[in-house]
Amino acid sequence: MPVWLEAGAWGLVGGLALVLGAAVAWFARVPRWAVASVMAFGAGVLISALAFELVDEAERSGGLLATAGGFLGGAVVYVAANTALSRLGARHRKRSGDQQPSEDEDSGSGAAIAVGALLDGVPESVVLGLSLLSGGGVGVGVLAAVFISNVPEGLSSAAGMRRAGRSARYVFGVWGGIALASGLSAMLGALLLDGAPDQLVAVITAVAAGAILAMVADTMVPEAFERTHLLTGLITALGFLAAFAVSRA
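Residues numbered from 1 in each chain as written. Predicted model: local features only at pLDDT ≥ 70, side-chain atom pairs only at ≥ 80, totals over all residues. Heavy atoms only, no water.

A.B. asks: Help me get a handle on the packing of aromatic side chains, residues and values and all.
C.D. replies: On inspection of all chains with the given rule, the structure shows 4 aromatic pairs. Both rings, one in Phe27 and one in Phe172, keep their centres 6.2 Å apart while their planes meet at 25 degrees; by these two values the pair is stacked. Of this pair, Phe27 sits in helix α1 (residues 3–27) while Phe172 sits in helix α6 (residues 168–193); the two residues are 145 residues apart in sequence, bridging distant segments of the chain. Residue classification places Phe27 among the exposed positions, given a relative accessible area of 66%. Joined through ring pairs, the aromatic side chains of Trp26, Phe27 and Phe172 make up one cluster. Residue placement shows Arg162 over the ring face of Trp26; its charged tip is 4.9 Å from the ring centre. Above the face of the Tyr170 ring, Arg166 is positioned so that its terminal group lies 5.5 Å from the ring centre. (Phe/Tyr/Trp six-rings, centres within 6.5 Å; stacked < 30°, edge-to-face > 60°. Helix = DSSP H or I, 4+ residues; strand = E, 2+ residues; numbered from the N terminus. Buried < 20%, exposed > 50% of the residue type's maximum accessible area, 1.4 Å probe, protein only. Lys NZ or Arg CZ within 6 Å of the ring centre and 35° of its normal.)

A.B. asks: So what's going on with the packing of α1 against α6? Which residues, and what values?
C.D. replies: Contact geometry for α1 and α6: axes closest at 7 Å, N-to-C directions at 160 degrees. Between α1 and α6, the angle is such that the two are roughly antiparallel. Crossing hand, α1 versus α6: right-handed. Each residue belonging to the contact of α1 with α6 can be placed in one class, and the counts come to 22 nonpolar, 6 polar and no charged. (Axes fitted to C-alpha atoms, helices over the stretch in contact; angles between N-to-C directions. Parallel < 35°, antiparallel > 145°, perpendicular 65-115°, else oblique. Left-handed = near helix turned anticlockwise from the far one by under 90°. Nonpolar A, V, L, I, M, F, W, Y, C, P; charged D, E, K, R; others polar.)

A.B. asks: I'd like a description of α1, backed by residues and values.
C.D. replies: Taking 1.5 Å per residue, 25 residues should reach 36 Å; α1 reaches 36 Å between its end C-alpha atoms and fits that length. Where α1 is concerned, the buried positions are Ala7, Gly8, Gly11, Gly14, Gly15, Ala17, Leu18, Gly21, Ala22, Ala25 and Trp26. (Expected span 1.5 Å × (residues − 1).)

A.B. asks: Break down the packing of helix α2 (residues 32–62) against helix α5 (residues 140–163) for me, citing the residues and quoting the values.
C.D. replies: What describes two packed helices is the angle between their axes and the distance between those same axes. Running from N to C, α2 and α5 cross one another at 150 degrees; their axes reach a closest spacing of 8 Å. In this structure, α2 meets α5 at a crossing whose hand is left-handed. Touching Arg32, Val35, Val38, Met39, Phe41, Gly42, Val45, Leu46, Ala49, Glu53 and Leu54 of α2 are Gly141, Val142, Ala144, Ala145, Val146, Ile148, Ser149, Pro152, Glu153, Leu155, Ser156 and Arg163, all from α5. For the contact of α2 with α5, a count of residues per class yields 15 nonpolar, 4 polar and 4 charged. (Contact = heavy atoms within 4.5 Å.)

A.B. asks: Which residues make up the pattern of salt bridges, and what are the values?
C.D. replies: As enumerated under the stated definition, the model contains 2 salt bridges in all. As a salt-bridge pair, Arg32 and Glu226 come within 3.7 Å of each other at their nearest N and O atoms. Separated by 194 residues along the polypeptide, Arg32 in helix α2 and Glu226 in helix α7 (residues 198–228) bring together distant segments of the chain. We note a salt bridge from Asp56 to Arg60, for which the minimum N-O separation is 2.9 Å. Here Asp56 and its partner Arg60 are both found in helix α2, 4 residues apart, which amounts to about one turn of the helix. Taking relative accessible area as the criterion, Asp56 reaches 30% and is therefore assigned partly exposed. By relative accessible area, which is 62% here, Arg60 ends up exposed. (Salt bridge = Lys/Arg side-chain N within 4 Å of Asp/Glu carboxyl O.)

A.B. asks: Can you explain unusual backbone geometry? Please cite residues and give values.
C.D. replies: Positioned with a positive phi, His229 is a non-glycine residue whose angle comes to about 50 degrees. Mapped onto the elements of the fold, His229 is located in the loop between α7 and α8 (232–248). Overall, the relative accessible area of 42% leaves His229 in the partly exposed class.

A.B. asks: For the environment of Leu188, give the residues involved together with the corresponding values.
C.D. replies: Along the chain, Leu188 falls in helix α6. Leu188 sits 63 residues away from Ser125 along the chain, and the two C-alpha atoms are 9.7 Å apart.

A.B. asks: If you had to explain α8 to someone new, which residues and values would you point to?
C.D. replies: Compared with an ideal rise of 1.5 Å per residue, which puts 17 residues at 24 Å, α8 spans 24 Å between its outermost C-alpha atoms and is within 8% of the ideal. Among the residues of α8, Thr232, Ile235, Thr236, Gly239 and Ala243 are the ones counted as buried. The buried residues of α8 occupy one face: seen down the axis, they fall within an arc of 100 degrees. Along α8, the residues that are exposed and aim more than 90 degrees away from the buried face are Leu234, Leu241 and Arg248. Tucked inside the fold, the buried residues of α8 contact α2 and α7. (Arc of directions from axis to C-beta.)

And the structure:
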């Protein structure tokens, strides 16, 4: 199988975790403390993957300066885009409570939430595609981190969408579209950068990593802390440790 096609398949697998989480939220009543706990665990998993799979590898192949520049650039771009979308009604897109506005309360917020979900998912998918370029197969730690974190993301956000009165067609249309976009992003990442200089791949990996860390801090941790409070740190640490163990297994 061509590398770019394999990358697309793995990106789709990661994206389908969002659909799985949304389905759980739509068809079952999951306590908000449970959603928050899984969100905290997923945040720890992503942070571990960033530290040991993405930034470390980027620094080894591209150098500290390129990695630091890309990492900060990714965080800045994400925060700027997230700020713009927040003003359009997507600020609480990952919240499971009543924070999300309905379309009647904030016209255009539905589209902003959909775009925000895409903004959150693309960097993760790109790094999945890039992980295949080394020739050693998909990065297991990165794949596990993306999948484990996407389930509570989809669960929490879909629960909030339902509370805001959005239809099943909208909810599953958004997450199904994001899953397809995730596969496409991973495929393009592998296709366009196959054979590219190591330093360029390192910079793009660092950009994606910076965006992912900003996303964790801006959208995942607030949802987790609202319900788990003082246990947030412990649950996040457990997620970090679990992902580290997987990456070293």
